[in-house]
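The primary structure of each chain is shown beneath.
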Amino acid sequence: MTAYTATVTVRLKRGVLDPEAETTQQALERLGFELSDLRSADRFEVDLDAADADEAADRAGEMAERLLANPTIHDYDVAVAER
């Protein structure tokens, strides 16, 4: 078994209201920053042991599907790095 860190990034799908990002975007624009869009995201870092990177990614993806994200309103990405 090898030690891995799986990073799961969860964000709202396009078209789903994101009031946190909207408020932050307005504040940034008041500070003089120009941007076309802003979206918020949650990032989870999961340390786990697995036989290989693919197994670690599969397990992290299952965690996202079952708890970390709501597939109806969220998209998520999984990245795996060896620790």
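Preceding this paragraph is the structure being described.
Residues numbered from 1 in each chain as written. Predicted model: local features only at pLDDT ≥ 70, side-chain atom pairs only at ≥ 80, totals over all residues. Heavy atoms only, no water.

Undergrad: Sorry, what's going on with the overall build of the protein chain here?
TA: Helices and strands together make up the secondary structure of the protein chain, namely 2 helices and 3 strands. Put simply, the protein chain runs from its N terminus to its C terminus through helices and strands in the order β-α-β-α-β. For the protein chain, whose C-alpha radius of gyration is 16 Å, the value lies well above the compact-globule estimate of 12 Å for 83 residues. Projected onto its principal axes, the C-alpha positions of the protein chain cover 50 × 25 × 15 Å. (Helix = DSSP H or I, 4+ residues; strand = E, 2+ residues; numbered from the N terminus. Rg over C-alpha atoms; globule rule 2.2 N^0.38 Å.)

Undergrad: Honestly, the side chain of Gln25 in this entry has me stumped. Any pointers?
TA: Position of Gln25 among the secondary structure elements: in helix α1 (residues 19-30). Among residues more than four places away in sequence, those in contact with Gln25 are Leu35, Ser36, Asp37 and Leu38. (Contact = heavy atoms within 4.5 Å.)

Undergrad: Looking at this model, I keep getting lost on the pattern of salt bridges. Mind explaining?
TA: Once their charged atoms are close, side chains differing in charge can pair, the charge on each being opposite to the other. Considering all chains together, one arrives at 7 salt bridges under this definition. Note that Asp49 is salt-bridged to Arg83, the shortest N-O span being 3.9 Å. Within this pair, whereas Asp49 is found in strand β2 (residues 41-50), its partner Arg83 is found in the segment after β3 (74-82), the two being separated by 34 residues in sequence. A relative accessible area of 52% places Arg83 in the exposed class. (Salt bridge = Lys/Arg side-chain N within 4 Å of Asp/Glu carboxyl O. Buried < 20%, exposed > 50% of the residue type's maximum accessible area, 1.4 Å probe, protein only.)

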